[in-house]
Amino acid sequence: MAWGFVRGQKYNRRQDIHARFGGQQQGGIITPANHNVIFIMTGKRGAEYGYDDIHYDDGRIDYFGEGQVGEMQMVRGNLALAEHVANGKDLLWFEKAYPERSITYMGQYICAGWRRGQSKDRDDAKRSAIIFELHPIENVVEAAETIELPIGNMDELRRRAFEAASLSGVRGQSMRTIYQRSADVRAYVLARANGDCEGCSQPAPFMRRDGSPYLEPHHLRRASDGGPDHPRFVIALCPNCHTRTHHGEDGAIYNAALLKRMPQIEP
Ligand SMILES: [Zn+2]
């Protein structure tokens, strides 16, 4: 579940999303101004307009960006998609059914990068398309957890973490590097905490098997904890504080308070 949507569940119409979140009524990429979330609306009929999204067995999707005529530009929805990690925004994928027009929530994705390719536009003319490489967030999380965290001094870890957050907007990334980027952010945030919870300031409650203090990276602006994210939106928490943000009665308030404190934690 993310943003109140249950995966695989059908929702009435696209209009219901606009009623809750606002955002553009037209086009495949919806970027609500007041929410840290981006919605992708896609469906088989899109292929008529040259949006031939490609689905792979491992869950990866090659998603064709927006722009119905001429060369696709890295602006508006396309730019928002490319930079969603750096901007701390979730990416939710919906599929439209035709002709009944219901929409189904398919899950949350991470944009690993993009490339240029060919497609046809609405007028059947060949044009340069932007193709985004999207991965299901759970694939990124699982793999990143098993990657050994990089070691180095704070400056080096910080530099790598900031680089990891900005790379989505860069052409030509791959799955391997998205795992690594996720690990780079985790490593730095844990090093930054230096053994104490960044929420309640108490020491980590126990040590990991490798002797390092046990804290959990929590993504303050996103619905789930995983994938690369900007270090200013990720905080290292003890299990109590972390569980509180997700399941506490005052979870949303506590989360907002932590977010407010981030400029001091990550200037
Ligand atoms: Zn704590």
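The coordinates are above.
Residues numbered from 1 in each chain as written. Predicted model: local features only at pLDDT ≥ 70, side-chain atom pairs only at ≥ 80, totals over all residues. Heavy atoms only, no water.

Undergrad: Explain the overall build of the chain to me, and be specific about the residues and the numbers.
TA: Of the regular secondary structure elements, the chain holds seven helices and 10 strands. For the chain, buried positions account for 48% of its 267 residues. Within the chain, counting contacts between residues at least 6 apart in sequence, those at least 24 apart form 63% of the total. Surface accessibility of the chain: about 13300 Å² in total, with carbon and sulfur atoms responsible for 49%. (Helix = DSSP H or I, 4+ residues; strand = E, 2+ residues; numbered from the N terminus. Buried < 20%, exposed > 50% of the residue type's maximum accessible area, 1.4 Å probe, protein only. Contact = heavy atoms within 4.5 Å. Areas by Shrake-Rupley, 256 points an atom, 1.4 Å probe, with all protein chains shown as cover.)

Undergrad: Got a sec to walk through the packing of aromatic side chains? Specific residues and values, please.
TA: Per the counting criterion, the structure on display carries 13 aromatic pairs. Ring plane angle 70° and centroid distance 6.1 Å describe the contact between Trp 3 and Phe 21, whose orientation is recorded as edge-to-face. A residue pair is termed long-range when its members are at least 10 positions apart, and Trp 3 in the segment before strand 1 (10-11) and Phe 21 in helix 1 (residues 14-21) qualify at 18 residues. Since its relative accessible area comes to 7%, Phe 21 is described here as buried. Ring centres of Phe 206 and Tyr 214 lie 4.8 Å apart, and the angle between their planes is 20°; on these two criteria the pair is classed as stacked. Among the aromatic residues, ring-to-ring pairing joins Trp 3, Phe 5, Tyr 11, Phe 21, Phe 39, Phe 94 and Tyr 105 into one connected group. The ring of Phe 5 carries Arg 20 above its face, with NZ or CZ at 5.2 Å from the centroid. Against the face of Tyr 56 rests Arg 60, its NZ or CZ located 4.6 Å from the ring centre. (Phe/Tyr/Trp six-rings, centres within 6.5 Å; stacked < 30°, edge-to-face > 60°. Lys NZ or Arg CZ within 6 Å of the ring centre and 35° of its normal.)

Undergrad: Which residues make up the pattern of salt bridges, and what are the values?
TA: The final tally for this structure, using the stated rule, is 12 salt bridges. Here Glu 71 ties to Arg 116 by a salt bridge, and the two come within 3.9 Å at their closest N and O atoms. Of the two residues, Glu 71 sits in the loop between strand 5 (61-64) and helix 2 (76-82) while Arg 116 sits in strand 7 (residues 103-120), which places them 45 residues apart along the sequence. Overall, the relative accessible area of 46% leaves Glu 71 in the partly exposed class. The salt bridge partner of Glu 266 is Arg 192, with a shortest N-O separation of 2.7 Å. With Glu 266 in the segment after helix 7 (251-265) and Arg 192 in helix 5 (residues 175-193), the pair connects residues that are 74 residues apart, well separated along the chain. Overall, the relative accessible area of 6% leaves Glu 266 in the buried class. Put simply, Arg 158, Arg 192, Glu 198 and Glu 266 are held in one network by salt bridges that share partners. (Salt bridge = Lys/Arg side-chain N within 4 Å of Asp/Glu carboxyl O.)

Undergrad: Summarise the coordination of the zinc ion; cite the residues concerned and give the values.
TA: Geometry sets the ideal angles at a metal, namely 109.5 degrees for four tetrahedral donors and 90 or 180 degrees for six octahedral donors. Taken together, Cys 197 (SG), Cys 200 (SG), Cys 238 (SG) and Cys 241 (SG) make up the protein donors of the zinc ion, found 2.3 to 2.4 Å from the metal. Coordination of the zinc ion draws on donor residues from a single chain, spaced C-x2-C-x37-C-x2-C in sequence. Taking relative accessible area as the criterion, Cys 197 reaches 3% and is therefore assigned buried. (Donors = N, O, S within 2.8 Å, 3.2 Å for Na, K, Ca; no water.)

Undergrad: Pulling in residues and values, what's your account of the environment of Pro 150?
TA: Within the secondary structure layout, Pro 150 lies in the loop between helix 3 (137-146) and helix 4 (154-166). Overall, Pro 150 belongs to the buried group, its relative accessible area being 15%. Distance in space between the C-alpha atoms of Pro 150 and Ala 183 is 7.3 Å, their sequence separation being 33 residues. Sequence-distant contacts of Pro 150, defined by excluding residues within four places in its chain, comprise Leu 157, Arg 160, Gln 180, Ala 183, Asp 184 and Ala 187.

Undergrad: Please provide a residue-by-residue account of the side chain of Ser 102, values included.
TA: Secondary-structure assignment places Ser 102 in the loop between strand 6 (90-96) and strand 7. You can call Ser 102 buried: its relative accessible area is 9%. With near-sequence residues (within four places) excluded, Ser 102 lies in contact with Lys 10, Tyr 11, Asn 12, Glu 95, Lys 96 and Ala 97.

Undergrad: Which residues make up the side chain of Asp 62, and what values go with them?
TA: Checked against the element boundaries, Asp 62 lands in strand 5. A distance of 3.0 Å separates the side chain of Asp 62 from the side chain of Arg 60, its partner in a polar contact. (Polar contact = N/O pair within 3.5 Å; in protein donor to acceptor, adjacent residues only side chain to side chain.)

Undergrad: So what about unusual backbone geometry? Which residues, and what values?
TA: Unlike most non-glycine residues, Arg 76 shows phi in positive territory, near 45°. Take Arg 76: it is sitting in helix 2.

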